[in-house]
Amino acid sequence: MKRALFQKLERQYPIIKRMSRYQEVFWINPKTGTKSKSFRPVSNEEIIDASNRLDRFAPCIEQLFPETQALKGIIESPLTDAPSVKKVMEDRIGFSIGKHLLIKLDSHLPVSGSVKARGGVYEVLKFAEDLAIKHSILKPDDNYLKLLEPRSKDLFSQYTIGVGSTGNLGLSIGIMGTALGFRVNVHMSRDAKTWKKELLRKKGAHVIEHSGDYLSAVKKGRQSAAARTHSYFIDDENSRDLFLGYSVAGMRLAEQLETAHIPVDEEHPLFVYLPCGVGGAPGGITYGIKQIFGDNAHCLFLEPAHTPCITLGMLTGMYNKISVTDIGLDGKTDADGLAVARPSAFVCEMMEPLLDGCFTVTDTDFYRYLTLLVDTEDLFLEPSACGGLAAFRHVLTDPYYLDHYDLRRKLPNSTHIMWATGGSMVPKTELMSYYELGKHNRDIW
Ligand SMILES: *Cc1c(COP(=O)(O)O)cnc(C)c1O
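Attention in this report is confined to the structure presented alongside it. Please read all numbers here as calculations on a predicted model, not as lab measurements.

## As for the sheet that holds strand 6 (residues 206-209)
If you trace the four strands from one edge of the open sheet to the other, you get 6-5-4-7, paired in parallel fashion. Every other strand in the sheet has two partners, leaving strand 6 and strand 7 (231-234) as the edge strands with one partner each. Adjacent strand axes in the sheet meet at a mean angle of 20 degrees when their direction is disregarded. Summarising the sheet, strand 4 (residues 160-165) and strand 5 (residues 183-188) pair through six bridges and their orientation is parallel. From the neighbouring strand, T160 faces strand 5, where its bridge partner is R183. Running over the sheet, helix 7 (residues 168-180) touches strand 4, strand 5 and strand 7 and is turned about 165 degrees from strand 4.

## Here we look at unusual backbone geometry
Peptide bonds are, in most cases, trans, and in most cases residues other than glycine have a negative phi. Unusually for a residue other than glycine, K72 sits at a positive phi of about 55 degrees. Within the element layout of this structure, K72 appears in the loop between helix 3 (44-64) and strand 2 (79-81). Phi is positive for S136, which is not a glycine, with a value near 55 degrees. By the secondary structure assignment, S136 is in the loop between helix 5 (116-134) and helix 6 (150-156). Under the relative-accessibility criterion, S136 is labelled exposed at 58%.

## Side note on the pattern of salt bridges
For the structure on display, the rule yields 28 salt bridges. Taking the shortest distance from any N to any O, the salt bridge between K87 and D91 comes out at 3.0 Å. In this pair, K87 and D91 both sit in helix 4 (residues 83-93), four residues apart, roughly one turn of the helix. Residue classification places K87 among the partly exposed residues on the basis of a relative accessible area of 49%. Residues E209 and R201 are paired through a salt bridge, measuring 3.1 Å at the closest nitrogen-oxygen approach. By relative accessible area, R201 is classed as partly exposed at 41%. Each of the salt bridges in this network shares a partner with another, and the network as a whole consists of E76, K104, D106, R118 and R252.

## Quick notes on the site of the ligand
Surveying the vicinity of the ligand reveals 15 residues, the closest of which are K116, N168, G277, G279 and T421. Take G280: an N or O atom from its main chain is 3.2 Å from an oxygen atom of the ligand. With respect to the ligand, the backbone of A281 contributes an N or O atom lying 2.8 Å from an oxygen atom. Across the complex, the protein chains shield 98% of the 380 Å² of accessible surface that the ligand would expose by itself. Spatially, the ligand is embedded in the largest cavity. Considering each element in turn, the shell around the ligand owes the most residues, three residues, to helix 12 (residues 280-293). Of the residues in the shell around the ligand, the class split is six nonpolar, seven polar and two charged.

Rules and cut-offs
- Residues numbered from 1 in each chain as written.
- Predicted model: local features only at pLDDT ≥ 70, side-chain atom pairs only at ≥ 80, totals over all residues.
- Heavy atoms only, no water.
- Pairing = 2+ DSSP bridges.
- Helix = DSSP H or I, 4+ residues; strand = E, 2+ residues; numbered from the N terminus.
- Axes fitted to C-alpha atoms, helices over the stretch in contact; angles between N-to-C directions.
- Contact = heavy atoms within 4.5 Å.
- Buried < 20%, exposed > 50% of the residue type's maximum accessible area, 1.4 Å probe, protein only.
- Salt bridge = Lys/Arg side-chain N within 4 Å of Asp/Glu carboxyl O.
- Near = heavy atom within 4 Å.
- Polar contact = N/O pair within 3.5 Å; in protein donor to acceptor, adjacent residues only side chain to side chain.
- Areas by Shrake-Rupley, 256 points an atom, 1.4 Å probe, with all protein chains shown as cover.
- 1 Å grid on protein atoms, 1.4 Å probe; cavity = no way out; pocket = protein on both sides within 12 Å on 5 of 7 lines; lining within 4 Å.
- Sits in = over half its atoms within 2 Å of the grid points.
- Nonpolar A, V, L, I, M, F, W, Y, C, P; charged D, E, K, R; others polar.

As structure tokens, then:
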């Protein structure tokens with residue numbers, strides 16, 4: 001049965017043949033823009049509401065996490081210029097890509113050191129707020145510092161938050177949840193790193209290890225949460241709140257670009273390269289960015305060649321009805337934050353008229369770019385966060401893509417953002433071993 005499906009898809013979509021051999025691909029979404037103007041399944045008001053909620057909680061965050069003091073409790077990351085790596089990559093492709101290559105340092109987000117500090121933290125806060133209001137501890141215009149008082153902690157300690165994760169979502173929910181007094185159960189997949197489990201245990205979260213992959217960890221977590229009362233499951237595959245938390249990044253990015261006097265319009269296109277696992281984080285961020293910049297922003301996802309789940313789900317239109325194992329892939333990658341075999345159907349649907357395309361990256365390249373970023377920009381990221389540079393091999397040198405959007409003319413005015421999704425919490429010894437792995441291939445194109 002599976003074999004027959006594979007053969008049929010291969011005939012229908014020749015790109016699948018390359019994918020099934022772990023080769024890199026660049027898939028351009030033919031449906032982009034088809035209904036993007038009228039497509040508003042999440043309204044702008046909802047994103048503004050999410051942003052306002054984060055503002056209300058800022059005093060609590062500032063108190064709980066002193067590293068957020070500089071931004072007064074707002075969890076945001078710098079947007080930094082990366083001229084040295086830009087030059088190296090331009091020398092390789094043989095032309096200039098435009099004014100700026102910027103790196104969005106979600107790797108250095110406070111609280112949990114990855115992009116998950118957006119969505120994960122947001123959903124925990126939303127749950128805490130709902131509970132406190134329901135139990136008459138909090139009114140919407142109260143001072144939210146009330147939520148750090150013993151009365152609130154007593155309430156929160158009666159509840160368990162569950163989550164299934166390859167690691168970083170678990171970290172963000174474990175750290176935020178336990179800080180407010182919740183009990184937290186993190187169901188971890190086999191890919192999860194030991195240091196992440198240890199850190200979570202140190203914070204007081206309960207770590208449950210599963211021998212299967214990310215999806216089976218999510219499934220186990222969902223079942224165990226459904227079986228008990230006073231329990232709330234954060235569902236990485238289907239959560240609207242996670243998505244909203246991520247989408248706030250669009251407004252924040254627009255402010256940063258404005259402060260830096262970097263225009264984005266028809267003649268000054270913006271390109272954003274986002275690492276993708278199940279799809280929630282890059283999907284929410286893309287949604288937020290497209291709300292503001294529309295078609296003047298090109299958003300592209302990158303996935304490991306061993307787990308191109310969104311690429312496969314979107315190109316076949318089968319969404320979560322297809323897994324990368326259905327085309328013979330093993331689903332194993334060192335980019336552990338992206339080790340997901342089946343995409344979120346919710347995100348595929350949201351991305352259908354918005355996402356510009358997807359490209360895949362080999363594990364060798366994740367390490368190669370990791371080492372290059374250390375050597376050129378003195379920036380240590382985790383492997384999952386480094387793949388954006390592969391855009392130079394795909395998007396920026398693809399003749400069809402360049403012509404289709406009239407980019408040869410516009411590239412000199414363009415801005416490119418590599419979204420660096422994680423790394424600052426990775427132990428130094430671990431980072432050094434990644435660095436060594438990429439060293440031999442650093443200068444190969
Ligand atoms: C989770 C994660 C992503 C992707 O987010 P999804 O919501 O799974 O698509 C990218 N990079 C890192 C480092 C992550 O932890």
